[in-house]
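Read off the chains here:
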Amino acid sequence: MNADQPEALARRLGPPERLVVIVDHDGTLSPIVRDPSAAALEVGAEDALERLAPRAPVVVLSGRGLDDLRARLGHLPVLIGANHGGTLVDRCGEVRWLVDPVPVATALDTLEHRLRALLTTDDGWLVERKDLSVTVHHRRVGADGRARTLPAVRAVLGEVASAHPGLEVLEGRAVLELRAADANKGRALREVLRAHPGRVPLAIGDDVTDEDMFRTALGLGGHAVLVDGSSHESVATARLADPAAVVALLVALADDVRRG
């Protein structure tokens, strides 16, 4: 599938008043970087979100943890979906946990301890403990290091998942993750849509972790847009080249280019 032009796609999507926009963070609103903590919104993204929000509810739905996303986005007129949608924060700052972090906390703590004993940051590995998951980042790890160690990482994650039915292993772009199985972007999308009857979802994301949100959006009569996703098959029905194109789409929707 070739990449769509943002303005042409906006025209096909129709008036923003018909939409709820659900957009991922890393790789979608923010370019992928080697160090996840150094990620920053694409140039123009803040302005685009501020312009679109009065016309269409916008939800930033990410695998990042709650505190991380609030620090990055709390000043913007958007809803926040953290932990792959396990946690929702409305525009008034009220937090709602769709998935209780308490039942999985002990298993995730144990996994974090085992991974930190197995991996070394000197080789580029990064272990990140979040509210409902533990993520292993290996973007900075060399090919030899990945070949040697990734099988052991997969084995540890699989062992913990097998011992705790409420957890599942997820593999995305340079990440392996064990998360609460109910922390699902598709489920979060449905929850958000309940508050906006008559609107359809526009889901935008870049990774395999966004496919459940895509399937749910399409099943509800909405739209699914993949960003620079040549590395995996997708159910998405449109494609944008990169986060800059995502920003251009949001601006085109905010300006309702059909009227131009």
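Anything mentioned here points back to the structure above.
What you are looking at is a predicted structure, and each value in this text was computed from that prediction instead of being measured. (Residues numbered from 1 in each chain as written. Predicted model: local features only at pLDDT ≥ 70, side-chain atom pairs only at ≥ 80, totals over all residues. Heavy atoms only, no water.)

Visitor: Can you walk me through the overall build of the protein in this structure?
Guide: In terms of regular secondary structure, the protein is built from eight helices and twelve strands. For the protein, whose C-alpha radius of gyration is 18 Å, the value lies close to the compact-globule estimate of 18 Å for 260 residues. Projected onto its principal axes, the C-alpha positions of the protein cover 60 × 35 × 30 Å. Expressed as a percentage of its 260 residues, the buried residues of the protein come to 53%. If you take every contact in the protein between residues at least 6 apart in sequence, the share linking residues at least 24 apart comes to 58%. Total accessible area on the protein is roughly 11,300 Å²; 49% of this is exposed by carbon and sulfur atoms. (Helix = DSSP H or I, 4+ residues; strand = E, 2+ residues; numbered from the N terminus. Rg over C-alpha atoms; globule rule 2.2 N^0.38 Å. Buried < 20%, exposed > 50% of the residue type's maximum accessible area, 1.4 Å probe, protein only. Contact = heavy atoms within 4.5 Å. Areas by Shrake-Rupley, 256 points an atom, 1.4 Å probe, with all protein chains shown as cover.)

Visitor: Sorry, what's going on with helix H6 (residues 185–194) here?
Guide: The α-helix advances 3.6 residues per turn, and as a result positions three or four apart in sequence lie on the same side. Of the residues making up H6, those classed as buried are Lys-185, Gly-186, Ala-188, Leu-189, Val-192 and Leu-193. In an axial view of H6, the angular spread of the buried residues amounts to 160°, which keeps them on one side of the axis. Contacts from the buried residues of H6 go to strand S1 (19–23), strand S2 (58–61), strand S4 (87–89), strand S10 (200–205) and helix H7 (211–219). With a side-chain oxygen positioned 2.6 Å from the backbone nitrogen of Gly-186, the residue opening H6 is Asn-184. (Arc of directions from axis to C-beta. Polar contact = N/O pair within 3.5 Å; in protein donor to acceptor, adjacent residues only side chain to side chain.)

Visitor: Honestly, helix H8 (residues 243–254) in this entry has me stumped. Any pointers?
Guide: Over its twelve residues, H8 runs 17 Å from end to end, which matches the ideal 16 Å to within 8%, given 1.5 Å per residue. With respect to burial, H8 is a largely interior element, nine of its twelve residues being buried. Among the residues making up H8, those that are buried are Pro-243, Ala-245, Val-246, Val-247, Leu-249, Leu-250, Ala-252, Leu-253 and Ala-254. In the core, the buried residues of H8 are packed alongside helix H1 (6–13), S1, helix H2 (45–52), S10, strand S11 (223–227) and strand S12 (238–240). Immediately downstream of H8, the backbone of Asp-256 shows phi near 45°, a positive value. (Expected span 1.5 Å × (residues − 1).)

Visitor: Explanation requested: the nonpolar core in the structure shown.
Guide: Where a protein is soluble and globular, its nonpolar side chains tend to be buried together. Counting residues in hydrophobic clusters, the biggest one holds 37 residues, and the most contacted among them are Val-21, Ile-204 and Leu-250. Element by element, the count of residues in this core is highest for H8, at eight residues. With 24 residues, the next largest nonpolar core counts Trp-125, Leu-132, Ala-180 and Ala-183 among its residues. (Core = buried A, V, L, I, M, F, W, Y, C linked by side-chain atoms within 4.5 Å.)

Visitor: Looking at this model, I keep getting lost on the pairing of S10. Mind explaining?
Guide: Residues in a regular strand project their side chains so that they alternate between the two faces of the sheet. Within S10, six of the six residues are buried, leaving the element largely enclosed by the surrounding structure. With burial as the criterion, each face of S10 is covered, one bearing Val-200, Leu-202 and Ile-204 and the other bearing Pro-201, Ala-203 and Gly-205. Inspection of the sheet shows S10 paired to S11 by four bridges, in the parallel sense. The residue bridging Ile-204 from the neighbouring strand is Val-225, located in S11. Handedness of the crossover joining S10 and S11 through H7: right-handed. (Pairing = 2+ DSSP bridges. Right-handed = clockwise from strand over helix to strand, strands pointing away.)

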